Amino acid sequence: ETDKAVAVFEAEDLYVFCPNYSNITFVSGERPSKSEEAIKLCVAAAFQATYNLRFEEDEVVGWHSINGRLERGKPEKNLGAFTYTDGTARIWNVDEAEDAIKNAAASGGTGYQQFIVLYDGEHGGHDSDEFRCYRVLAILNDRVCIIDSKTQMHYGEFISALEKLGVSYALYCDMGSGWNYSWYRGVDGKAIDII
């Protein structure tokens, strides 16, 4: 444990952001503001079905729960899930994902669907031939963290770097143009942009 809001580590090809969290919330609609001092880390997570400047809840891809409020979102096949309920964070495989989100909602929890990058050390079904920066939400040493590639790389190289770090569970995070809004709270309390 650390008294820092977010511990930042550097691996060979990765940046690892480990928030000292007491809660994790999925937010839709308006982006969280950097002036909200209780927020320690903020990143885009789920996909939006179409690029649209006006937010519509049903454009969020997949099932999601916002502190117990279940939303259907745009259907998409082969999505895993992340849930945070009663202090427990978990990544779910494709077969369990929909029920996991519904159960999280019934318990007042948070969750969303996204592509699996790693599940129990096995590669998920998602693939990309793009040369770009990648990001995942991962569970590492029983804690939720965000892991970014330091520079643009191929997807396979990114997965190899995650495996080298010891990551067994990771869910993709959206990094497209306009969806790379991301920041963490520095030691002085100021928000520091990640991208």
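I will try to describe carefully the structure that is included in this document. (Residues numbered from 1 in each chain as written. Predicted model: local features only at pLDDT ≥ 70, side-chain atom pairs only at ≥ 80, totals over all residues. Heavy atoms only, no water.)

### Details of the overall build of the protein
For the protein, the helix and strand inventory stands at 2 helices and 17 strands. Here the C-alpha atoms of the protein give a radius of gyration of 16 Å, agreeing with the 16 Å that 2.2 N^0.38 yields for 195 residues. Along the longest, intermediate and shortest principal axes, the C-alpha atoms of the protein span 40 × 35 × 35 Å. In the protein, the share of contacts with a sequence separation of at least 24, taken over all contacts with a separation of at least 6, comes to 62%. Of note, the protein has its 18 positive side-chain charges centred 5 Å away from the centre of its 31 negative side-chain charges. (Helix = DSSP H or I, 4+ residues; strand = E, 2+ residues; numbered from the N terminus. Rg over C-alpha atoms; globule rule 2.2 N^0.38 Å. Contact = heavy atoms within 4.5 Å. Lys, Arg positive; Asp, Glu negative; His and termini not counted. Charge placed at Lys NZ, Arg CZ, Asp CG, Glu CD.)

### Describing the pairing of strand E7 (residues 88-92)
Across 5 bridges, the pairing between strand E6 (residues 80-85) and E7 is antiparallel. Pairing of Ala81 across the sheet is with Trp92, part of E7. Linking two consecutive strands that pair antiparallel, namely E6 and E7, is a turn of 2 residues; a positive phi of about 50° is found at Asp86 within it. (Pairing = 2+ DSSP bridges.)

### Points about the sheet that holds strand E8 (residues 110-114)
In spatial order, the strands read E5-E4-E8-E6-E7; together these 5 strands make up an open sheet with antiparallel pairing. Of all strands in the sheet, those bounded by a partner on one side alone are strand E5 (69-71) and E7. Averaged over all pairs of adjacent strands, the angle between strand axes in this sheet comes to 20°, irrespective of strand direction. Across 2 bridges, the pairing between strand E4 (residues 64-66) and E8 is antiparallel. (Axes fitted to C-alpha atoms, helices over the stretch in contact; angles between N-to-C directions.)

### With respect to unusual backbone geometry
Although it is not a glycine, Asp86 sits at a positive phi angle of roughly 50°. Checked against the element boundaries, Asp86 lands in the loop between E6 and E7. One non-glycine residue, Asp142, lies in positive phi territory at about 65°.

### Quick notes on the environment of Val61
Looking at the element boundaries, Val61 is found in the loop between strand E3 (41-43) and E4. A C-alpha to C-alpha distance of 9.4 Å links Val61 and Leu79, two positions 18 residues apart in sequence.

### Notes on the sheet that holds strand E10 (residues 122-123)
Taken in spatial order, the 7 strands line up as E1-E2-E13-E12-E15-E9-E10 in an open sheet, and their pairing is antiparallel. For this open sheet the edge positions go to strand E1 (6-10) and E10, each flanked by a neighbour on one side alone. Pairing of strand E9 (residues 116-119) with E10 involves 2 bridges; the strand directions are antiparallel. When the bridges of E10 are listed, Tyr119 appears paired with Glu122. Each of strand E2 (14-19), E9, E10, strand E12 (135-140), strand E13 (143-149) and strand E15 (169-172) is contacted by helix H2 (residues 155-165), which is oriented at about 30° to E9, the strand it contacts most.

### Some thoughts on H2
When H2 is considered as a whole, its buried residues turn out to be Tyr155, Phe158, Ile159, Ala161 and Leu162. Each buried residue of H2 sits inside an arc of 160° when the element is viewed along its axis, so together they form one side. Where H2 ends, the next residue or the one after it, Gly166, has phi of about 100°, a positive value. (Buried < 20%, exposed > 50% of the residue type's maximum accessible area, 1.4 Å probe, protein only. Arc of directions from axis to C-beta.)

### A few points about the side chain of Thr110
Among the structural elements, Thr110 can be located in strand E8. Separated by 3.1 Å, the side chains of Thr110 and Asn67 make a polar contact. Apart from the residues within four sequence positions on either side, Thr110 is in contact with Ile24, Thr25, Phe26, Ser65, Ile66, Asn67, Phe82, Thr83, Tyr84, Thr85 and Ala104. (Polar contact = N/O pair within 3.5 Å; in protein donor to acceptor, adjacent residues only side chain to side chain.)

### Regarding the pattern of salt bridges
Counted under the stated rule, the structure contains 7 salt bridges. For Lys164, the salt bridge identified is with Glu12, shortest N-O distance 2.7 Å. You can see Lys164 sitting in helix H2 and its partner Glu12 sitting in the loop between E1 and E2, a full 152 residues away along the chain. (Salt bridge = Lys/Arg side-chain N within 4 Å of Asp/Glu carboxyl O.)

### Things to note about helix H1 (residues 94-106)
At Ala100, H1 shows its largest kink, close to 25°. Regarding H1, the residues found buried are Ala97, Ala100, Ile101, Ala104 and Ala105. In this structure, the buried side of H1 is in contact with E4, E5, E6, E7 and E8. Its side-chain oxygen placed 3.0 Å from the backbone nitrogen of Asp95, Asn93 serves as the N-cap of H1. (Bend = angle between axes of the 7 residues up to and from the residue.)

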